[in-house]
Amino acid sequence: MEQKENINLLGLNKLSLARLLKNIGEKEFRSDQLIKWIHKHNYDSFEKMSNISLNLKKKLTEISHIKSIPLKDEYISKDKTIKWIFNIDKNNAIETVYIPTKTRRTLCISSQVGCAVNCSFCSTGKQGFNRNLSTHEIIGQLWFAKKAINNLQNNDFFGFKSLNINNNNIITNVVMMGMGEPLLNYDQLLPALNLMLDDNAYGLSRRKITVSTSGIIPMIYKLAKDCPVSLAISLHAPNNNLRDILMPINIKYPIEELLNACETYVRYSPKNFITFEYCMIKNVNDSKMHAYELINILKNLNCKINIIPFNSFPNSKFECSDENTISDFVNILSQAGLITTIRKTRGDDIYAACGQLAGNVQDKTKITFINKSKEFL
Ligand code: SAH
Ligand code: SF4
């Protein structure tokens, strides 16, 4: 007889859970109660769920479970950034990063094991691609982090005691800026976003969830309709010639079309602007000319620019631009009226900064080989 799959409830949003409950002859409203126990209270067994009947607990135990992804390692930076490495299976691992400050506590989540987009300046891209994460593996990172941080917070590890930080605001922001291209894993991402927004689960506002993308244009339009959260675009070059080289996805989805998609997205976005990420790479994309080109392409769009000093990683052939070059670049953009900020590097001593996440990826695409044959700089 065919064995039925045992479902991990961690990965079910309200709609899917209600459907499952209906299928086993239960009231759909119980989905809210279950979601609350699982995500708000971090329960991983049905036993202590006080408003769930014994009969339902028995039925659920037969067909489902609640299980977070297994932790492999935890690294804590001197600046209190925390990086967790999770075993996805025997040969693959992904990374999640918690970045605490007094005003916001951000969790940076992975969406794929590796990344097939293959940007030349990114450690994740260099690893190649293995597979998409499923919804329970995406939301599982948030589930795990909340639990782990709460334990640390009880010992006032972060020095937050005076700030009235509790279970509900221990993570204030989520950024889909870990390993992978979230918009190439759209079907698994969407229910995870729903759970982040669900008041019975994590209750984050749309403004406080950011999807960062290399520019998968059709999916930007789709996200605008399905679940408009804040959007960040990894731009990194002001013209197609350079962007084609740094980010090969640009050959398929060039800058002009990407900016059109952004213009549409702004109309749906919870913020009235799009964030453009621009990584400063020495002698590659950091000249004054590049700044002027950037002004030219962005001047008619409601946007902010987030400058990221390039973070190096083993075997990377790039270097970070000098401090003076970065400040000249920022000044040119600011003087032209573009709101520009420099992203503070966090957790670089534990390889947790932007672009440094590598996890452990058994490459299925042979990207690493292609990379080697395409050395261009
Ligand atoms: N795939 C998505 C999200 C993950 S990357 C995307 O590309 O947007 C998160 C951010 O880090 C992106 O803006 C990415 O371009 C940037 N990044 C990648 N490698 C980097 C590096 N070595 N130094 C600084 N930023 C980097
Ligand atoms: Fe993938 Fe983003 Fe890295 Fe490019 S920058 S390789 S899209 S994770």
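What you see is a predicted model, and the numbers here were worked out from it, not measured in a lab.

**Observations concerning the site of ligand 2**
- Near ligand 2, the surroundings consist of C115, V117, N118, C119, C122, G125, G180, E181 and S214.
- When the residues that make up the shell around ligand 2 are grouped by side-chain class, the tally is four nonpolar, four polar and one charged.

**Brief notes about the UniProt feature "active site" (unreviewed entry) in the protein**
- Per the UniProt entry, the sites bearing "active site" (unreviewed entry) are E95 and C354 in this numbering. Their sequence span is 260 residues, while the largest C-alpha to C-alpha distance among them is just 11.7 Å; these annotated residues converge on one region.
- Secondary-structure assignment places E95 in strand β5 (residues 92–100).
- By relative accessible area, which is 4% here, E95 ends up buried.
- Residues within four places of E95 in sequence aside, it is in contact with K83, W84, I85, S110, Q141, M179, Y351, L357, A358 and G359.
- Secondary-structure assignment places C354 in the loop between β14 (339–342) and α13 (367–373).
- Setting aside residues no more than four positions away along its own chain, C354 makes contact with I308, N311 and R343.

**Things to note about the packing of aromatic side chains**
- The tally for this structure, following the rule as stated, stands at six aromatic pairs.
- Centre to centre, the rings of W37 and Y43 are 5.1 Å apart; their planes meet at 20°, and the pair counts as stacked.
- The exposure class assigned to W37 is buried, which follows from its relative accessible area of 13%.
- Note on Y43: relative accessible area 25%, which makes it partly exposed.
- Judged by centre distance (5.7 Å) and plane angle (80°), the rings of W84 and F144 are edge-to-face. Of the two residues, W84 sits in strand β4 (residues 82–89) while F144 sits in helix α5 (residues 135–154), which places them 60 residues apart along the sequence. A single burial state applies to W84 and to F144, both of which are buried.
- Aromatic rings pair up to connect W84, F86 and F144 into one cluster.
- The ring of F273 carries K304 above its face, with NZ or CZ at 4.2 Å from the centroid.

**Side note on unusual backbone geometry**
- At N118, a residue that is not glycine, the phi angle is positive and equals roughly 65°.
- Mapping N118 onto the fold places it in the loop between β7 (112–114) and α4 (123–127).
- For N118, a relative accessible area of 10% corresponds to the buried category.
- With phi around 65°, H236 is a residue other than glycine that occupies positive phi space.
- Take H236: it is sitting in the loop between β11 (230–234) and α8 (240–246).

**Digging into the pattern of salt bridges**
- All chains considered together, the criterion is met by 10 salt bridges.
- Here R343 and E277 are joined by a salt bridge, their closest N and O atoms 3.1 Å apart. Here R343 is found in the loop between β14 and α13, whereas its partner E277 is found in strand β12 (residues 274–280), with 66 residues between them in sequence. Pair check on accessibility: R343 and E277 agree, each one buried.
- The salt bridge involving K282 is made with D322; its shortest N-O contact spans 3.4 Å. Placement of the pair is K282 in the loop between β12 and α11 (288–298) and D322 in the loop between β13 (303–309) and α12 (323–335), with a sequence separation of 40 residues.
- By relative accessible area, D322 is classed as partly exposed at 38%.
- One salt-bridge network, in which partners are shared between bridges, spans K282, E319 and D322.

**Notes on the domain arrangement of the protein**
- Parsing the protein into structural domains produces domain 1 (7–65) and domain 2 (71–376).
- Look at where the C-alpha atoms of domain 1 and domain 2 centre, and you get two points 32 Å apart.
- Approximately 1400 Å² of surface area, both sides summed, lies buried where domain 1 meets domain 2, with 49% of it carried by carbon and sulfur atoms.
- Taken together, the connections running from domain 1 to domain 2 amount to 10 residue pairs in polar contact (both at pLDDT 80 or more).
- For the side of domain 1 that touches domain 2, the element with the most residues is helix α2 (residues 30–40), which contributes six residues.
- Its residues assigned to classes, the side of domain 1 that touches domain 2 shows five nonpolar, five polar and five charged.

Calculation criteria
- Residues numbered from 1 in each chain as written.
- Chains lettered and ligands numbered in written order.
- Predicted model: local features only at pLDDT ≥ 70, side-chain atom pairs only at ≥ 80, totals over all residues.
- Heavy atoms only, no water.
- Near = heavy atom within 4 Å.
- Nonpolar A, V, L, I, M, F, W, Y, C, P; charged D, E, K, R; others polar.
- UniProt positions renumbered as here; feature names shortened; annotations may be inferred.
- Helix = DSSP H or I, 4+ residues; strand = E, 2+ residues; numbered from the N terminus.
- Buried < 20%, exposed > 50% of the residue type's maximum accessible area, 1.4 Å probe, protein only.
- Contact = heavy atoms within 4.5 Å.
- Phe/Tyr/Trp six-rings, centres within 6.5 Å; stacked < 30°, edge-to-face > 60°.
- Lys NZ or Arg CZ within 6 Å of the ring centre and 35° of its normal.
- Salt bridge = Lys/Arg side-chain N within 4 Å of Asp/Glu carboxyl O.
- Domains from an automatic or database assignment.
- Buried area = accessible area lost by both parts, 1.4 Å probe.
- Polar contact = N/O pair within 3.5 Å; in protein donor to acceptor, adjacent residues only side chain to side chain.

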